Amino acid sequence: MIKLFLTDVDGCLTDGGMYYSANGEEMKRFCVYDGMGMVLLRHAGIKCGILTSETTDIVASRAKKLKLDYLCMGAGAHNDKTKLEAATEICKELGIGLDEVCYVGDDVNDLDLLRAVGLAACPASAMPIVKSLLGILVLEHNGGNGAIRELCDKILADIQ
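What you see is a predicted model, and the numbers here were worked out from it, not measured in a lab. (Residues numbered from 1 in each chain as written. Predicted model: local features only at pLDDT ≥ 70, side-chain atom pairs only at ≥ 80, totals over all residues. Heavy atoms only, no water.)

Notes on the side chain of Asp10
If you trace the backbone, Asp10 turns up in the loop between β1 (4-7) and β2 (19-20). Residue Asp10 is classed as buried on the basis of its relative accessible area of 15%. Separated by 2.7 Å, the side chains of Asp10 and Lys28 make a polar contact. Discounting residues that sit within four places of it in the chain, Asp10 has contacts with Gly16, Met18, Lys28, Glu54 and Asp106. (Helix = DSSP H or I, 4+ residues; strand = E, 2+ residues; numbered from the N terminus. Buried < 20%, exposed > 50% of the residue type's maximum accessible area, 1.4 Å probe, protein only. Polar contact = N/O pair within 3.5 Å; in protein donor to acceptor, adjacent residues only side chain to side chain. Contact = heavy atoms within 4.5 Å.)

Details of a nonpolar patch on the surface
Side chains of Val108, Met127 and Ile129 sit close together on the surface and give an oily, nonpolar patch of about 260 Å² of accessible area. In this structure, Met127 sits in the loop between β7 (119-122) and α5 (128-131). With a relative accessible area of 38%, Met127 lands in the partly exposed category. (Patch = residues over 30% accessible without salt bridge, like charges linked within 9 Å, V, L, I, M, F, W, Y side chains within 5 Å. Areas by Shrake-Rupley, 256 points an atom, 1.4 Å probe, with all protein chains shown as cover. Salt bridge = Lys/Arg side-chain N within 4 Å of Asp/Glu carboxyl O.)

Quick notes on the sheet that holds β1
Pairing in this open sheet of 6 strands is parallel, and the strands run β5-β4-β1-β6-β7-β8 from one edge to the other. With one partner strand each, in any of the chains shown, β5 (70-73) and β8 (137-138) form the two edges of the open sheet. Looking at chain direction, strand β6 (residues 101-104) and β7 are connected through 3 bridges and run parallel. Within the sheet, the bridge partner assigned to Val104 lies in β7 and is Ala121. Docked against the sheet, helix α3 (residues 83-94) engages β1, β4 (47-52), β5 and β6, running at close to 155° with respect to β4. Here helix α6 (residues 147-159) sits on the sheet in contact with β1, β6, β7 and β8, set at roughly 170° to β1. (Pairing = 2+ DSSP bridges. Axes fitted to C-alpha atoms, helices over the stretch in contact; angles between N-to-C directions.)

Below you can see the structure in the form of structure tokens.
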């Protein structure tokens, strides 16, 4: 049974695009359906969080609005702590195993964690190397366009 739901941001909670204003301010587009999916998981007693290699106020604001249980920024790609290490720390805190974790990722910096969790999933728009992982659930929706909600609904259907 899934006790912890974690997701990457760019390419999973967003469409992976980088948007910039004329002043150079970074912007991201989030899907409200995805956010509601995570809210519904939390109401069902499943802890939720974000793991991302970036450190931005935008992601912190989104996590705060959704009242997520965990936000780990700066884990992955070019950083000292991997996403697998970050997830392992959260699991230790919760007293659960990685087999009780669902993780959604879309690119090479997600591979180690995707291989380690009980339920690995990726949006339809994920990189081919991710979609080719043995046992991964390739969702029908693209990142930022309902993929997270699709998966949340599947998890909720399984526990009801």
